Amino acid sequence: MQNLISVCIPVYNTEPFLLQCLRSVFVQEFDDFEILIVSDASRGKDGQGRAAKKLVKLAQKECDAFRKSHKLSKIKIRFIEHRENHGILEVRRNLCNESCGEYICFVDSDDELEEGALVSLSGLTRQSFDIIQGKSTSGMFDENGNFIPSKVNRYSSITIGELKEHQIFHEWVTNGKITGVVWGKLIKRSLLVKAFENIPYSECNMAEDYLISFFVNQFAKVYVGIDSKVYRYRITSGVSSSRKIDTLRKWEMICSTANVFTVIVQWINENESTSEITPEELQYIKRQTSVYLANNLKQMKATVVPELQEQARRLLYDYWGEHFVETIELKTN
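Just so we're clear, the structure is a prediction, and the values are computed from it rather than from any experiment.

The rules we used
- Residues numbered from 1 in each chain as written.
- Predicted model: local features only at pLDDT ≥ 70, side-chain atom pairs only at ≥ 80, totals over all residues.
- Heavy atoms only, no water.
- Helix = DSSP H or I, 4+ residues; strand = E, 2+ residues; numbered from the N terminus.
- Rg over C-alpha atoms; globule rule 2.2 N^0.38 Å.
- Buried < 20%, exposed > 50% of the residue type's maximum accessible area, 1.4 Å probe, protein only.
- Contact = heavy atoms within 4.5 Å.
- Areas by Shrake-Rupley, 256 points an atom, 1.4 Å probe, with all protein chains shown as cover.
- Lys, Arg positive; Asp, Glu negative; His and termini not counted.
- Charge placed at Lys NZ, Arg CZ, Asp CG, Glu CD.
- Axes fitted to C-alpha atoms, helices over the stretch in contact; angles between N-to-C directions.
- Parallel < 35°, antiparallel > 145°, perpendicular 65-115°, else oblique.
- Left-handed = near helix turned anticlockwise from the far one by under 90°.
- Nonpolar A, V, L, I, M, F, W, Y, C, P; charged D, E, K, R; others polar.
- Core = buried A, V, L, I, M, F, W, Y, C linked by side-chain atoms within 4.5 Å.
- Salt bridge = Lys/Arg side-chain N within 4 Å of Asp/Glu carboxyl O.

S.K.: For this particular structure, what's the right way to read the overall build of the protein?
M.R.: Tallying secondary structure elements over the protein gives 12 helices and 10 strands in all. A compact globule built from 333 residues should have a C-alpha radius of gyration of about 20 Å, and the protein, at 20 Å, falls within 12% of that. Along the three orthogonal principal directions, the C-alpha set of the protein runs to about 60 × 45 × 40 Å. Buried positions account for 53% of the 333 residues belonging to the protein. Across the protein, contacts joining residues at least 24 apart in sequence account for 80% of those joining residues at least 6 apart. Summed over its atoms, the accessible surface of the protein is roughly 15,900 Å², and 49% of this surface lies on carbon and sulfur atoms. Averaging the coordinates of the 42 positive side-chain charges in the protein and doing the same for the 44 negative ones gives two points 4 Å apart.

S.K.: Would you take a moment to explain the packing of helix α3 (residues 88–98) against helix α6 (residues 189–197) for this structure?
M.R.: In helix packing, the relevant descriptors are the interaxial angle and the interaxial distance, both defined with respect to the helix axes. Relative to each other, α3 and α6 sit at 135 degrees, their axes nearing to 10 Å. Compared by their axis directions, α3 and α6 come out oblique. You can see that α3 and α6 cross each other, and the crossing is left-handed. Across the interface between the two elements, L89, R92, R93, C96 and N97 from α3 touch R189, L192, V193 and F196 from α6. Class assignment for the residues of the contact of α3 with α6 results in 5 nonpolar, 1 polar and 3 charged.

S.K.: Sorry if this is basic, but what is going on with unusual backbone geometry here?
M.R.: Most peptide bonds adopt trans geometry, and most residues besides glycine take a negative phi value. Its identity as a non-glycine residue notwithstanding, K71 has a phi of 55 degrees, on the positive side. Topologically, K71 is positioned in the loop between α2 (52–69) and β3 (77–81). Using a relative accessible area of 77% as the deciding quantity, one classes K71 as exposed. The backbone of A207 sits at a positive phi, close to 60 degrees, despite the residue not being glycine. By the secondary structure assignment, A207 is in the loop between α6 and α7 (208–219). Since its relative accessible area comes to 14%, A207 is described here as buried.

S.K.: Looking at this structure, how should I read the nonpolar core?
M.R.: What tends to happen in soluble globular proteins is that the nonpolar side chains get buried as a cluster. Among the nonpolar cores identified, the biggest contains 102 residues, and I5, I9, I35, F214 and W251 are the most heavily contacted of them. Look past the residues within four positions of I5 in its chain and what remains in contact with it is F30, D32, F33, E34, G101, Y103, C105, L118, S122 and L186.

S.K.: What exactly am I supposed to notice about the environment of E15 here?
M.R.: Examined against the element boundaries, E15 turns out to sit in the loop between β1 (3–11) and α1 (18–26). Judged by its relative accessible area of 1%, E15 falls in the buried class. For E15 and K71, which are 56 residues apart along the polypeptide, the C-alpha to C-alpha distance reads 29 Å. Ignoring any residue separated from it by four or fewer positions in sequence, one finds E15 in contact with S42, G44, K45, D46, R50, A51, A52 and L55.

S.K.: How do you make sense of the pattern of salt bridges when you look at a structure like this?
M.R.: Pairing is possible between side chains that carry opposite charge, provided their charged atoms lie close to one another. Tallied over the full model, the rule gives 17 salt bridges. The partner of R92 in a salt bridge is E208, and the shortest N-O contact between them spans 3.5 Å. Pair noted here: R92 is in helix α3 and E208 is in helix α7, with a separation of 116 residues, a long-range link. Looking at R92, the relative accessible area reads 0%, which means it is buried. Residues D209 and R92 are paired through a salt bridge, measuring 3.0 Å at the closest nitrogen-oxygen approach.

Set out below in structure tokens:
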């Protein structure tokens, strides 16, 4: 039996927050959903030494007890674990392929859904919107688990009301009026499947949401933004944080940002005659490419340990091209 919503949770070394994330999902006073988790061969553990699989089993027990006591329908939590690391992009693809819902709701495992989020988001599904976006709040959690909003609300761009056809892509890519992340939204599974059909396998760990958004916003027919808070984004964790990078594997995860724009540029070139992308929009995409490379350069200088700097630079050349790296470096110095 198909669910209306599949809540899809990727796990990549964020186990310390996984149980808290799952609790925010299974307490939703909504019945027509499943929870699907994919761990990307993550070796992370929470503060009590519990790995993702054990945390999911614990969450299922808590979930069953909570929903029974509150007279809510039983919710199945499914867990899949990659034997090898494939990157966040492929985790999202696997979540999409394995899900059973008409709509997918991505929730990163260090974030949370707001109370009543699924009820708010699902209220417009009967109107067959391709994308239903709610408001998100960025911040951090104190030692008691209380959420403290940040002064700057990152990734919160939203257009309240409807957008149609190419207007969706235009507002996203040129005006930034739709956030380029996949969470905080319901996205039709069929739309995500079509997006992933245009994205070749890639071990991408950074900017994967921008890549998915490129295709989702381009192929979507109807978008709607709603004036309801649905998502809490944790700003103190993740691969994009300022933690020191002491292995080339960690640095390669950052460099993989380049794969996103390789796929996008290749698709644009192959579909030039049929694509609706305008010269103005193409300029914004090129500008965004430069921004991401500039961020890679900044991270290299600030976070890669001194003994790996030379090798890190060579990796950056391999991914982005030596000429492009040196051009952007000159502009940003």
